[in-house]
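# Reading the structure
Take a look at the letters that make up each chain.
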Amino acid sequence: MGLPLAAVVIVLTTIAIWIGSDLLESASERLSTYYGLPLVIQGAIVAAVGSSMPELAAVVFAAVVEGSLDLGVGAIVGSAIFNVLVIPAVAGVVTDDEIESSRTLVYKEAQFYMLAVSVLLITFALAVIYYPAPGRTLAGTVTRPLAVIPLALYGLYVFIQAQDTADHEPDPAAAKGIAARRQWGRLLAGLATILVAVHFLVEAVASTGETFGVDPFLMGAIVLAAATSLPDTLVSVRAAQADRGVTSLANVLGSNTFDLLVAIPVGVLLAGALPVDFATAVPMFAVLTAATILLFTALRTDLSLTQREAYVLLLAYLLFVAWVIVEASGIIPGVLP
């Protein structure tokens, strides 16, 4: 695929992902209301899973079509960094009031999300220790048994959410006027649009990376991550503008938790076994951890996110992008290839 064509495909598929995700997320929200799910479940699981479909599809196509986990993992980690820095920041900038947080969000959702980061990093470390790549340093193969580890942790996450909302009583009046069959049709149409668009997006991003000689992990972390994170941005901004700050932030953390614990393992399960470069992944996970700490610090201060703090998050993401570009270009020696 030539560079001009790849650029056009990236733009068009990003728009298609936006449209498909809008259908998927609006349908998911209405179905959640129809079935009487609590707001926390809507934000942390339903909306998060719906908005994470592009990332999941990216990992699957990168693993099955391209035969590499680097592009998909890069998209997941880059998307996670984008989510914790850019999405809350944009939501904070476009709204007049501060985005309200809560102790439950900061202490339960945040801590479990940090646990998800640690477990995935441990899974990669086990791959290097027990299934090292021949002739390569700090590289290994993630196998299906290893992929079960993060999936099991996500099962625990869903169980905890279900237990915490066991006494929830839905409002029957809220479900009136919602046509369930129509919303299921919109959901499936959105999902199909996302799958087709992401398939061509992955090919275009991989082709662009080969043209410029950029590592697939880095292409995934910047280009693919930004394109697939637009739906998360849309969901969180809409929730923040509707004065549902907790739902907005819960979607960010829930989406990241799903991406780390489900999207990557699913790619491994479908492909059988995929290589991972631990030396490239660790610095990116370090950035993700630092970005997460910055977000949690801002949210814990008065349990809200101010516009000043939102601009600090945006600045942090710009510094991250600049760091990746500088190291990828070889201007200065660094830890990235």
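Scroll up to find the structure this text is about.
Residues numbered from 1 in each chain as written. Predicted model: local features only at pLDDT ≥ 70, side-chain atom pairs only at ≥ 80, totals over all residues. Heavy atoms only, no water.

### So, the overall build of the chain
Condition: What counts as a helix is a DSSP run of H or I of at least four residues, what counts as a strand is a run of E of at least two, and both are numbered from the N terminus. Partly exposed describes any residue whose relative accessible area lies between the buried limit of under 20% and the exposed limit of over 50%, with all areas from a 1.4 Å probe on protein chains only and scaled to the type maximum. Whether two residues touch is decided by their heavy atoms; if any such pair falls within 4.5 Å, the residues are in contact. All accessible-area figures derive from a Shrake-Rupley calculation using a 1.4 Å probe, and residue coverage is judged against the displayed protein chains alone.
Assigned secondary structure in the chain consists of 11 helices and 4 strands. Burial analysis of the chain (337 residues in total) assigns 54% to the buried set. Long-range contacts, defined here as pairs at least 24 residues apart, represent 85% of the contacts in the chain between residues at least 6 apart. Within the structure as shown, the chain displays about 14,200 Å² of accessible surface, and the carbon and sulfur contribution to it stands at 67%.

### Description of the packing of aromatic side chains
The following threshold applies: Planes of paired rings set the category: under 30 degrees apart is stacked, over 60 is edge-to-face and the rest tilted, where pairs are Phe, Tyr or Trp rings (Trp by its six-membered ring) whose centres lie within 6.5 Å.
As enumerated under the stated definition, the model contains 8 aromatic pairs in all. Summarising the aromatic geometry, the rings of tyrosine 154 and tyrosine 157 are spaced 5.5 Å apart at their centres and angled 40 degrees between planes, so their arrangement reads as tilted. Taken together, the residues span about one helical turn, with tyrosine 154 and tyrosine 157 both in helix α6 (residues 144-164) at a distance of 3 residues. Overall, the relative accessible area of 3% leaves tyrosine 157 in the buried class. Of the aromatic side chains, those joined through ring pairs into one cluster are Phe82, Tyr317, Phe320 and Trp323.

### A closer look at the packing of helix α4 (residues 70-94) against helix α10 (residues 278-300)
Using the following cut-off: For helices, the fitted axis covers only the stretch in contact; all axes are lines through C-alpha atoms, and the angles between them, taken along N-to-C directions, range from 0 to 180 degrees. Oblique is the label for any angle not covered by the other classes, which are roughly parallel (under 35 degrees), roughly antiparallel (over 145) and roughly perpendicular (65 to 115). Should the near helix be turned anticlockwise from the far one by less than a right angle, the crossing is termed left-handed; should it be turned clockwise, right-handed. Residue polarity is assigned by list, with Asp, Glu, Lys and Arg as charged and Ala, Val, Leu, Ile, Met, Phe, Trp, Tyr, Cys and Pro as nonpolar; anything else, Gly included, falls into the polar class.
Here α4 crosses α10 at 20 degrees, and the two axes come no closer than 9 Å. When the axis of α4 is compared with that of α10, the two are roughly parallel. Relative to α10, the crossing made by α4 is left-handed. For the pair α4 and α10, contact is made by Val77, Ala80, Ile81, Val84, Leu85 and Pro88 and by Met284, Phe285, Val287, Leu288, Ala291, Thr292, Leu294 and Leu295, respectively. In terms of residue class, the contact of α4 with α10 is made up of 13 nonpolar, 1 polar and no charged.

### What to know about unusual backbone geometry
With a phi angle near 55 degrees, leucine 138 is a residue other than glycine that sits in the positive phi range. When you line up the elements, leucine 138 lands in the loop between α5 (103-130) and β2 (139-143).

### A few points about helix α7 (residues 180-212)
The criterion, for reference: An expected span of 1.5 Å times one less than the residue number is assigned to each helix.
For α7, with 33 residues, the first-to-last C-alpha span of 47 Å sits near the 48 Å given by 1.5 Å per residue. Phi for glycine 213, located one or two positions after α7, is positive at around 70 degrees.

### Section: the pairing of β2
To keep it simple, the criterion reads: Two strands are said to pair when DSSP picks up at least two bridges between them.
A large share of β2 lies buried, amounting to 4 of its 5 residues. Pairing geometry for β2 and strand β3 (residues 273-277), over 5 bridges, is antiparallel. Counted as the bridge partner of threonine 143 is alanine 273 from β3.

### Quick look at the nonpolar core
Worth spelling out the cut-off: Residues belong to a common nonpolar core when they are buried Ala, Val, Leu, Ile, Met, Phe, Trp, Tyr or Cys residues joined through side-chain atoms within 4.5 Å.
In this structure, Tyr113 and Phe124 are the most contacted members of the largest nonpolar core, which totals 97 residues. Here the element with the most residues in this core is α4; it accounts for 14 residues. Discounting chain neighbours no more than four positions away, the residues touching tyrosine 113 are Ala80, Val84, Leu253, Asn256, Thr257, Leu260, Leu288, Thr292 and Phe296.

### Some points on the packing of helix α3 (residues 53-64) against α4
The axes of two packed helices give the description: the angle between them and the distance between them. With their axes 7 Å apart at the nearest point, α3 and α4 run at an angle of 160 degrees to one another. Classed by the angle they form, the pair α3 and α4 counts as roughly antiparallel. As for how α3 packs across α4, the hand of that crossing is left-handed. Between α3 and α4, the contacting residues are Glu55, Val59 and Ala62 on the first element and Leu71, Gly72, Ile76 and Ser79 on the second. In terms of residue class, the contact of α3 with α4 is built from 4 nonpolar, 2 polar and 1 charged.

### Overview of a nonpolar patch on the surface
Here is the rule we go by: Only residues whose relative accessible area exceeds 30% and that form no salt bridge enter a patch; like-charged residues are grouped when within 9 Å of one another, and nonpolar side chains (Val, Leu, Ile, Met, Phe, Trp, Tyr) when within 5 Å. Salt bridges, as used here, are contacts in which a Lys or Arg side-chain nitrogen is within 4 Å of a carboxyl oxygen on Asp or Glu.
On the surface, Val8, Val11, Leu12, Ile15 and Ile19 cluster together to form a nonpolar patch covering roughly 460 Å² of accessible area. Mapped onto the elements of the fold, isoleucine 15 is located in helix α1 (residues 3-34).

### Remarks on the environment of proline 4
With respect to the secondary-structure elements, proline 4 resides in helix α1. Note on proline 4: relative accessible area 62%, which makes it exposed. For the pair proline 4 and threonine 208, spaced 204 residues apart in sequence, the C-alpha to C-alpha distance is 9.5 Å.

### Looking at the side chain of serine 26
Inclusion rule: N or O atoms closer than or at 3.5 Å make up a polar contact, with two conditions inside protein: a donor-capable atom paired with an acceptor-capable one, and, for residues adjacent in sequence, both atoms drawn from side chains.
Within the secondary structure, serine 26 sits in helix α1. In terms of polar contacts, serine 26 uses its side chain to reach the backbone carbonyl oxygen of leucine 23, at 3.2 Å. Within polar-contact distance, the side chain of serine 26 engages the side chain of arginine 186 at 3.0 Å. Discounting residues that sit within four places of it in the chain, serine 26 has contacts with Gln183 and Arg186.

### Overview of the environment of glycine 155
Along the chain, glycine 155 falls in helix α6. Of the residues examined, glycine 155 reaches a relative accessible area of 38% and is grouped as partly exposed. The spatial distance from the C-alpha of glycine 155 to the C-alpha of valine 262 is 9.6 Å, given a sequence separation of 107 residues.

### Description of the side chain of serine 79
Its place among the elements puts serine 79 in helix α4. Other than its neighbours up to four places away in sequence, serine 79 contacts Glu55, Gly74, Ala225, Ser229, Asn256 and Asp259.

### Side note on the environment of glycine 185
Mapped onto the secondary structure, glycine 185 falls in helix α7. Given a relative accessible area of 37%, glycine 185 falls into the partly exposed group. Put simply, glycine 185 and alanine 27 are 158 residues apart on the chain and 8.5 Å apart in space, counted from C-alpha to C-alpha.

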